[in-house]
Amino acid sequence: MIKGVFQTISCRWAEDKFGITLKFTQEQRSFTDCTFCLSVNNAGYSFFSAVECVPISMAQDMFNVNFFGTLRLIKAVLPSMKARQSGHIINHSSVGGIVGIPFVDIYCASKFAVEGLSESMAPLLRQFDIR
């Protein structure tokens, strides 16, 4: 159970000339200004299409949100959690990350990637009491 004072920091991804960065809706300028005990990753979108009809650029965009958005947020909060030797990371995935679904192939692939990342990190992060 997590106890203490909570503050929600909402952010959105935005493209700039240096790549994708976090844009905050509150006063915080970066994650380094914060101490994190809980991270909830809920990025995702999808579309229905036969895989051969999906342009590579659209597939890359979906992976950029669904998988790399999750990865970026994890990378941003882990240093604070490791330093404190505690924390919780919740990666909201989908049934599409466990079972493939016709016509949402790219979405399922991106959510399978989130599932794989989550499963792979869990045993390593336990030593830092990060769940």
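Here, every reference points to the structure presented above.
Owing to the predicted nature of the structure, the values given are computational and were not obtained by experimental measurement. (Residues numbered from 1 in each chain as written. Predicted model: local features only at pLDDT ≥ 70, side-chain atom pairs only at ≥ 80, totals over all residues. Heavy atoms only, no water.)

This part covers the pattern of salt bridges. What the rule picks out here adds up to 1 salt bridge. The residue Arg131 makes a salt bridge to Asp129 at a minimum N-O spacing of 3.1 Å. Overall, the relative accessible area of 49% leaves Arg131 in the partly exposed class. A relative accessible area of 39% places Asp129 in the partly exposed class. (Salt bridge = Lys/Arg side-chain N within 4 Å of Asp/Glu carboxyl O. Buried < 20%, exposed > 50% of the residue type's maximum accessible area, 1.4 Å probe, protein only.)

Quick look at empty space enclosed by the protein now. Here the structure, examined in full by the defined rule, presents 1 cavity of 30 Å³ or more. Estimates place the volume of the largest cavity at around 40 Å³. Around the largest cavity, the lining residues are Phe47, Ser49, Val54, Met62, Phe103, Val104, Asp105, Ile106 and Tyr107. No other element matches helix H2 (residues 105-126), which puts 3 residues into the lining of the largest cavity. In terms of residue class, the lining of the largest cavity is built from 7 nonpolar, 1 polar and 1 charged. (1 Å grid on protein atoms, 1.4 Å probe; cavity = no way out; pocket = protein on both sides within 12 Å on 5 of 7 lines; lining within 4 Å. Points joined across faces, edges and corners; volume = space filled by probe spheres on them. Helix = DSSP H or I, 4+ residues; strand = E, 2+ residues; numbered from the N terminus. Nonpolar A, V, L, I, M, F, W, Y, C, P; charged D, E, K, R; others polar.)

Our next topic: unusual backbone geometry. The phi angle at Gln85 is positive, at roughly 60 degrees, despite the residue not being glycine. With respect to the helices and strands, the residue Gln85 is situated in the loop between helix H1 (56-84) and strand E4 (88-91). Residue Gln85 is classed as partly exposed on the basis of its relative accessible area of 41%. Unusually for a residue other than glycine, Phe103 sits at a positive phi of about 70 degrees.

Residues of E4 alternate between two faces, with Ile89 and Asn91 buried on one and His88 and Ile90 left unburied on the opposite face. Where strand E3 (residues 38-41) lies against E4, 4 bridges are found, and the strand directions are parallel. Within the sheet, the bridge partner assigned to Asn41 lies in E4 and is Asn91. Where the polypeptide runs from E3 across H1 and back to E4, its parallel neighbour, the crossover connection is right-handed. (Pairing = 2+ DSSP bridges. Right-handed = clockwise from strand over helix to strand, strands pointing away.)

Here we come to the nonpolar core. Grouped together as the largest cluster of nonpolar side chains are 12 residues: Phe67, Leu73, Ile74, Val77, Leu78, Met81, Ile89, Val114, Leu117, Met121, Leu125 and Ile130. Sorting the residues of this core by element identifies H1 and H2 as the ones contributing at least two each. Of the residues forming this core, the biggest block, 6 residues, is contributed by H1. Ignoring anything within four residues of it in the chain, the contact list for Ile89 reads Ser39, Asn41, Ile74, Leu78, Met81, Leu125, Ile130 and Arg131. (Core = buried A, V, L, I, M, F, W, Y, C linked by side-chain atoms within 4.5 Å. Contact = heavy atoms within 4.5 Å.)

Here we come to the side chain of Thr70. Looking at where Thr70 falls in the secondary structure, it is placed in helix H1. The exposure class assigned to Thr70 is buried, which follows from its relative accessible area of 3%. Engagement of the side chain of Thr70 in a polar contact is seen with the backbone oxygen of Asn66, the distance being 3.3 Å. If near-sequence neighbours (up to four positions away) are discounted, Thr70 is found in contact with Asn41, Val65, Asn91 and Val114. (Polar contact = N/O pair within 3.5 Å; in protein donor to acceptor, adjacent residues only side chain to side chain.)

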